[in-house]
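# A closer look at the structure
What follows is each chain in one-letter form.
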Amino acid sequence: MTDKTLCTLDDVVDLAPGLREIRQHLHQHPELSNEESATAALVADKLRALGYQVTTGVGGHGVVGTMKSGPGRRSIGIRADMDALPITEQTGVSYASQTPGKMHACGHDGHTSMLLGAAEQLARSKNFSGTVHLIFQPAEEIGFNSGAERMLAEKLFDRFPCDAVYGLHNHPGYPVGKMMFRSGPFMAACDTVNITIYGKGGHAARPHMAVDPILVAGSLVVALQSIVSRSIDPNETAVVTIGSLHAGHASNVIPETALLEMSVRSFDAGVRKILEERIRTLVENHAAGYGARAEIEYVPGYPVLVNHDRETAFACEVAKELLGEENVVENLPPISGSEDFAYFLQQKPGCFLRLGNGDSAALHNPAYNFNDESLTFGAAYWTRLVERYLED
């Protein structure tokens, strides 16, 4: 197989209108994690119509489309996520979400559509020798007990053997048609910490007769920031963010309790362990110092996403072939967001990469919208990656 036979951007230009229609339909009908029944049904129907062997209900609403071509024995998995977010859309587009309080604010509608585009191009060209498994995954956004975890618990790679697995995410701020890569630790582990401070309620005019949990919580917000600055090696990366603080209902009442909700992120297993140890110790002792008591719920989230060197170099090479070296970033800085594709990479070699989304709003923002100009770039890239990986 020579380079001349591999997929180019020109080969998928005719797919653009159909992919845009699919993407905008999905955008209008977003489904949250573990609710992706209609999205999964659409994906399954499209794959069946293209001649794929389709398996549904994998890890919830997960769908796997399998196609074999030629005598090749190698196999590859390509994954797209399908779920939306509990956010009220503020894009103003004509195809905005029709479901109040739900929207595709992370571009999973685009990821799904791009992979369906690759599915069509692979089916009509069959320019590969081996087996391709197209993995449409539910519940990436949920943070724990995710779609990736459940698909793996249901023996995903035993049922659909893959020699390597690949996935991507759109990336606001980089031009459409630009692809970004990084070997090794690429996206952060993310844990959620819920802290309840138990004090003693009382009258606002008699604070000496109460134990004010708001005072404890406020002081704790500041104290927790010392963990990263004083307990973590400056050469390492860690984030401790208190995203929510709830306490009280009236200005003249000292409440009984206060609740803090935190996101804790890191790129190293050792750092992740230190963060948990220091948070637990600091919170318990800090509360006790005020005469209060703290209860800590530490919820482990996704692990560090670690790209494999050989598979990342291969994916980067394919991008250069398709887009030109000037449109490929080989060493994108680590991203503090998290991604459950990390679980796939713990079991199989592979790479998670980024695709430019242009000058759009940030991910998880109510004004965000996936850039439809990216659809053919993603479809062509996935097609060419499969063709190169499964060459004769």
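So, a few notes on the structure that sits alongside this text. For every chain, the first residue of the written sequence is number 1, and numbering continues from 1 onward in sequence order. At least 70 in pLDDT is required for a residue's local features to be given in this predicted model, at least 80 for side-chain atom pairs to be given and counted, and no such filter applies to totals for whole chains, interfaces and linings, which use all residues. Processing note: side-chain calculations cover all non-hydrogen atoms of the structure and skip hydrogens and water entirely.

## Looking at the sheet that holds strand S13 (residues 293-299)
Stated precisely, the cut-off is as follows: Pairing between two strands requires that DSSP report at least two bridges joining them. Numbering of helices and strands starts at the N terminus; helices are DSSP runs of H or I of at least 4 residues and strands are runs of E of at least 2. Between N-to-C directions, angles span 0 to 180 degrees; the directions come from axes that are lines fitted to C-alpha atoms, helices contributing only their stretch in contact. Note on contacts: a residue pair qualifies if any of its non-hydrogen atoms lie within 4.5 Å across the two residues.
Read from one edge of the open sheet, four strands run S10-S12-S8-S13, paired in antiparallel fashion. Lying at the two open borders of the sheet, with one neighbouring strand each, are strand S10 (238-247) and S13. Strand after strand, the sheet turns through a mean of 20° between neighbouring axes, direction not considered. Pairing between S10 and strand S12 (residues 257-266): nine bridges, direction antiparallel. From the neighbouring strand, Ile242 faces S12, where its bridge partner is Met262. Across the sheet, helix H6 (residues 213-231) lies against strand S8 (189-198), S10 and S12, angled at about 175° from S10, the strand it touches most. The strands touched by helix H7 (residues 269-289) within the sheet are S8, S10, S12 and S13, with S13 carrying the most contacts at an inclination of about 160°.

## Structural notes on the sheet that holds strand S6 (residues 179-180)
Strand pairing in a sheet takes place through backbone hydrogen bonds and is either antiparallel or parallel in direction. In spatial order, the strands read S1-S2-S4-S3-S5-S16-S6-S15; together these eight strands make up an open sheet with mixed pairing. Sheet topology places strand S1 (53-58) and strand S15 (328-329) at the edges, where each strand pairs with a single neighbour. Sheet topology places S6 next to strand S16 (residues 350-356); two bridges connect them, and they run antiparallel. Counted as the bridge partner of Met180 is Arg354 from S16. The sheet strands contacting helix H3 (residues 108-125) are strand S2 (62-69), strand S3 (75-81), strand S4 (130-137), strand S5 (164-171) and S16, and the helix crosses S3 at an angle near 145°.

## Re the state of the cysteines
How we decide: Only a pair of cysteine sulfur atoms within 2.5 Å counts as a disulfide in this structure description. Throughout this description, buried means an accessible area under 20% of the type-specific maximum (1.4 Å probe, protein chains only), exposed means over 50%, and partly exposed covers the range between.
Overall, the coordinates contain zero disulfides when judged by the stated rule. Free of any disulfide, Cys190 has its nearest cysteine sulfur in Cys106, 13 Å distant. Overall, Cys190 belongs to the buried group, its relative accessible area being 11%. Its sulfur unpaired, Cys316 is 8.4 Å from the next cysteine sulfur, which belongs to Cys351. The exposure class assigned to Cys316 is buried, which follows from its relative accessible area of 6%.

## Considerations on the pattern of salt bridges
Quick note on the threshold: Basic side-chain nitrogens of Lys or Arg form a salt bridge, by our definition, when they fall within 4 Å of a carboxyl oxygen of Asp or Glu.
What the rule picks out here adds up to 16 salt bridges. In this structure, Arg79 engages Asp340 in a salt bridge whose closest nitrogen and oxygen atoms are separated by 2.8 Å. Here Arg79, found in strand S3, pairs with Asp340, found in the loop between S15 and helix H9 (341-347); they are 261 residues apart in sequence, far enough to count as distant. Residue Arg79 shares its accessibility class with Asp340, and that shared class is buried. Between Glu391 and Arg388 there is a salt bridge, with the nearest N and O atoms lying 3.7 Å from each other. Residue classification places Glu391 among the partly exposed residues on the basis of a relative accessible area of 29%. A residue is classified by how much of its surface remains accessible, and Arg388, at 11% relative accessible area, is buried. Taken together, the salt bridges that share partners define one network made up of Glu317, Glu321, Arg384, Arg388 and Glu391.

## Section: the side chain of Asn369
In plain terms, the rule: Between N or O atoms, a polar contact is any pair within 3.5 Å; within protein, one atom must be a potential hydrogen donor and the other a potential acceptor, and residues adjacent in sequence are included only when both atoms are from side chains.
The topology assignment puts Asn369 in the loop between S16 and helix H10 (375-389). The exposure class of Asn369 is buried, given its relative accessible area of 16%. Here the side chain of Asn369 touches Arg23 through a polar contact of 3.0 Å, side chain to side chain. Aside from chain neighbours lying at most four places away, what touches Asn369 is Arg23, His27, Thr91, Val93, Tyr95, Asn357 and Ser360.

## Section: unusual backbone geometry
One non-glycine residue with positive phi stands out, namely Asn34, at about 70°. You can see Asn34 is positioned in the loop between helix H1 (16-28) and helix H2 (37-49). You can call Asn34 partly exposed: its relative accessible area is 35%. Phi at Lys126 is positive, roughly 45°, even though this residue is not glycine. Examined against the element boundaries, Lys126 turns out to sit in the loop between H3 and S4.

## A closer look at the pairing of S16
The buried fraction of S16 amounts to seven of the seven residues, a majority that puts the element mostly inside the structure. Burial of S16 is two-sided: the residues Gly350, Phe352, Arg354 and Gly356 facing one way and the residues Cys351, Leu353 and Leu355 facing the other way are all buried. Bridge count for S5 against S16 is seven bridges, and the pairing is parallel. Looking at the pairing, Tyr166 lines up with Cys351 of S16.

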